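# A look at the structure
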Amino acid sequence: MCQHQSPCPTAESADREAALAVAHHPEQGWSLLCNGVLLFEDTGELLPNGEIIAPHRPLGTDGVMTAA
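Described below are features of the structure shown in this document. Each residue is numbered by its place in its chain's sequence as written, counting from 1. Totals for whole chains, interfaces and linings use every residue, but because this is a predicted model, local features are given only for residues with pLDDT of at least 70 and side-chain atom pairs only at 80 or more, for both listing and counting. Remark: hydrogens and water are excluded; side-chain values derive from all non-hydrogen atoms of the structure.

## Remarks on the environment of C34
Inclusion rule: Counting from the N terminus, the helices are DSSP H or I runs at least four residues long and the strands are E runs at least two residues long. Residue burial is assigned from relative accessible area. The probe radius is 1.4 Å, only protein chains are included, and a residue is buried under 20% of its type maximum, exposed over 50%, and partly exposed in between.
Among the structural elements, C34 can be located in the loop between β2 (30-33) and β3 (38-40). With relative accessibility at 7%, the residue C34 sits in the buried group.

## Remarks on the nonpolar core
The cut-off we apply is this: Side-chain atoms within 4.5 Å are what join buried Ala, Val, Leu, Ile, Met, Phe, Trp, Tyr and Cys residues into a set we call a nonpolar core. Here, two residues are considered to be in contact whenever any of their heavy atoms come within 4.5 Å of each other.
By size, the foremost hydrophobic cluster in this structure holds eight residues: C8, A11, A19, L33, C34, V37, L47 and I53. Here L47 is in contact with A11, R16, V37 and I53, once residues within four sequence places are set aside.

## Regarding the environment of G36
Topologically, G36 is positioned in the loop between β2 and β3. A residue is classified by how much of its surface remains accessible, and G36, at 17% relative accessible area, is buried. Sequence separation between G36 and R16 is 20 residues, and the spatial gap between their C-alpha atoms is 9.6 Å.

## A closer look at the state of the cysteines
Going by this rule: Any pair of cysteine sulfurs within 2.5 Å is marked as a disulfide.
Under the definition given, this model contains zero disulfides. Lacking any disulfide linkage, C8 is separated from the closest cysteine sulfur, that of C34, by 3.4 Å.

## Focus on the sheet that holds strand β5 (residues 52-53)
Filter applied, for reference: Strands were regarded as paired on the criterion that DSSP finds at least two bridges between them.
The antiparallel open sheet is built from five strands, whose spatial order is β1-β2-β3-β4-β5. Each of the sheet's edge strands pairs with one partner strand only, and the pair in question is β1 (21-25) and β5. Looking at chain direction, β1 and β2 are connected through four bridges and run antiparallel. Directly across from H24, in β2, lies its bridge partner S31.

Following this line, the structure appears as structure tokens:
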């Protein structure tokens, strides 16, 4: 699918999220990557073959600040 030089990672690659976005809709919470992956703002993914990748946000709260 990707026509970039050097090609972006495929949808089957572990680093598939590094592919370039070809459509970005932050108001709707998703981006389409050039490898066909639909990436959601909650870090969930829908692969071109229909496989769903559950959101995988970091669970640690060490870097979170709260207002005083």
